[in-house]
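# Residue-level structure breakdown
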Amino acid sequence: MRLSNLSFAAGPEGLAAAVSRLEDALGTPFRDGGFHPSFGTRNNILPIQGHRYLEVVEVLEHPAAEKAVFGQAVRARTEMGGGWFAWVIEVDDMASVESRLGREAAHGSRQFPDGRRLEWEQIGVRGLMADPQLPFFVSWVSEPELRPSALPAADVEIVEIRLSGSSERVAEWLGTDLADTFDGVTLTFDAPHGMPGIEAVTFRCPQGIVTI
């Protein structure tokens, strides 16, 4: 299991404003990632160090957004004001995650502005909606040259993810013991009885050490 990406939901002010906020904080521009046809969402992305990326996602006024769990989850976070939405774990063996969680993965895709399409399988967004400290899982279907890690990485590195919640609960969800770091990133848990979710993320970037 590897840390794939972090997702930030745009607030009521929209995608452009949310992207601008992160660009100002991190000192580097995002790019148009395209849209998710089956989810009713669109995003901007920033490839970063460690073969990871950041995503700012916005729900669209589209029928798919009403039906897709991911679209529903993004809309709910936006209506709460936006902010850090999810951390996402990449796995090679999706079948084992399906077996452990007792459900089937959903197919996901993102159509690039140039018409190409990136495809993957994902599972766990319902768990995220019920308990926002939990990550969801992805497994790439498309070839490596289409994945975000194939793009030039910005000089931005994730240092720490601070979560409100319980490391024991997350470890149970992951199906593995959880140390103070995950895939080289520090995980800090506090407020185990508060509102669960990502409280803040700390980066090393051209602006120095920045916490958002």
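Above this text is the structure in question.
The model shown is predicted, which means the values in this text are computed figures rather than measured ones.

Rules used in this analysis
- Residues numbered from 1 in each chain as written.
- Predicted model: local features only at pLDDT ≥ 70, side-chain atom pairs only at ≥ 80, totals over all residues.
- Heavy atoms only, no water.
- Helix = DSSP H or I, 4+ residues; strand = E, 2+ residues; numbered from the N terminus.
- Rg over C-alpha atoms; globule rule 2.2 N^0.38 Å.
- Buried < 20%, exposed > 50% of the residue type's maximum accessible area, 1.4 Å probe, protein only.
- Areas by Shrake-Rupley, 256 points an atom, 1.4 Å probe, with all protein chains shown as cover.
- Lys, Arg positive; Asp, Glu negative; His and termini not counted.
- Charge placed at Lys NZ, Arg CZ, Asp CG, Glu CD.
- Pairing = 2+ DSSP bridges.
- Core = buried A, V, L, I, M, F, W, Y, C linked by side-chain atoms within 4.5 Å.
- Contact = heavy atoms within 4.5 Å.
- Phe/Tyr/Trp six-rings, centres within 6.5 Å; stacked < 30°, edge-to-face > 60°.
- Salt bridge = Lys/Arg side-chain N within 4 Å of Asp/Glu carboxyl O.

Helix and strand content of the protein: six helices and 13 strands. For 212 residues, the compact-globule estimate of 2.2 N^0.38 gives 17 Å, and the C-alpha radius of gyration of the protein, at 16 Å, lies within 12% of that figure. By principal-axis analysis of the C-alpha atoms, the protein measures approximately 40 × 40 × 35 Å. Of all 212 residues assigned to the protein, the portion counted as buried reaches 51%. If you sum the accessible surface of the protein, you get close to 9,700 Å²; carbon and sulfur atoms cover 48% of it. With 18 positive and 30 negative side-chain charges, the protein shows a separation of 3 Å between the mean positions of the two kinds.

This brings us to the pairing of strand β13 (residues 208-211). Consecutive residues of a regular strand have side chains that alternate between opposite faces of the sheet. As paired strands, strand β12 (residues 197-205) and β13 are joined by four bridges and run antiparallel to one another. Bridging across to β13, R204 finds its partner in I209. Adjacent in sequence and paired antiparallel, β12 and β13 are bridged by two residues.

It is worth spelling out the nonpolar core at this point. General note: in soluble globular proteins, nonpolar side chains tend to be found buried as a group. L6, W87, F137, I158 and F203 are the most contacted members of the largest nonpolar core, which has 44 residues in total. Among the elements that line this core, the one with the most residues is helix α1 (residues 15-26), at five residues. Discounting chain neighbours no more than four positions away, the residues touching I158 are L3, L6, I48, R52, L54, V185, V201, T202 and F203.

As enumerated under the stated definition, the model contains nine aromatic pairs in all. Ring centres of F39 and F70 lie 5.1 Å apart, and the angle between their planes is 40°; this geometry places the pair in the tilted category. Residue F39 is located in the loop between β2 (31-36) and β3 (41-48), and its partner F70 is located in helix α3 (residues 69-79); the two are separated by 31 residues in the primary sequence. Across this residue pair, the class does not change: F39 and F70 are buried. Through a chain of ring-to-ring contacts, three or more aromatic side chains come together here, namely F39, F70, F85, W120, F136 and W140.

Following the criterion strictly, the structure yields twelve salt bridges and no others. One salt bridge connects R2 with E90, and the closest N-O pair in it is separated by 3.1 Å. Of the two residues, R2 sits in strand β1 (residues 2-9) while E90 sits in strand β5 (residues 83-90), which places them 88 residues apart along the sequence. By relative accessible area, E90 is classed as buried at 14%. Among the salt bridges present, the one from D114 reaches R116, with a minimum N-O distance of 2.9 Å.

The buried count for β5 comes to eight of eight residues, which makes it a mostly enclosed element. Taken together, the seven bridges between β1 and β5 define a ladder with antiparallel strand orientation. From the neighbouring strand, R2 faces β5, where its bridge partner is E90. Note: β5 against strand β8 (residues 136-140), three bridges, orientation parallel. Bridging across to β8, I89 finds its partner in F137.

A separate point is the side chain of N44. Inspection of the secondary structure puts N44 in strand β3. Those residues in contact with N44, other than ones at most four positions away along the chain, are L15, V19, F30, R31, D32, G33, L54, E55 and V56.

On their own, these measurements won't tell you what the molecule is for.
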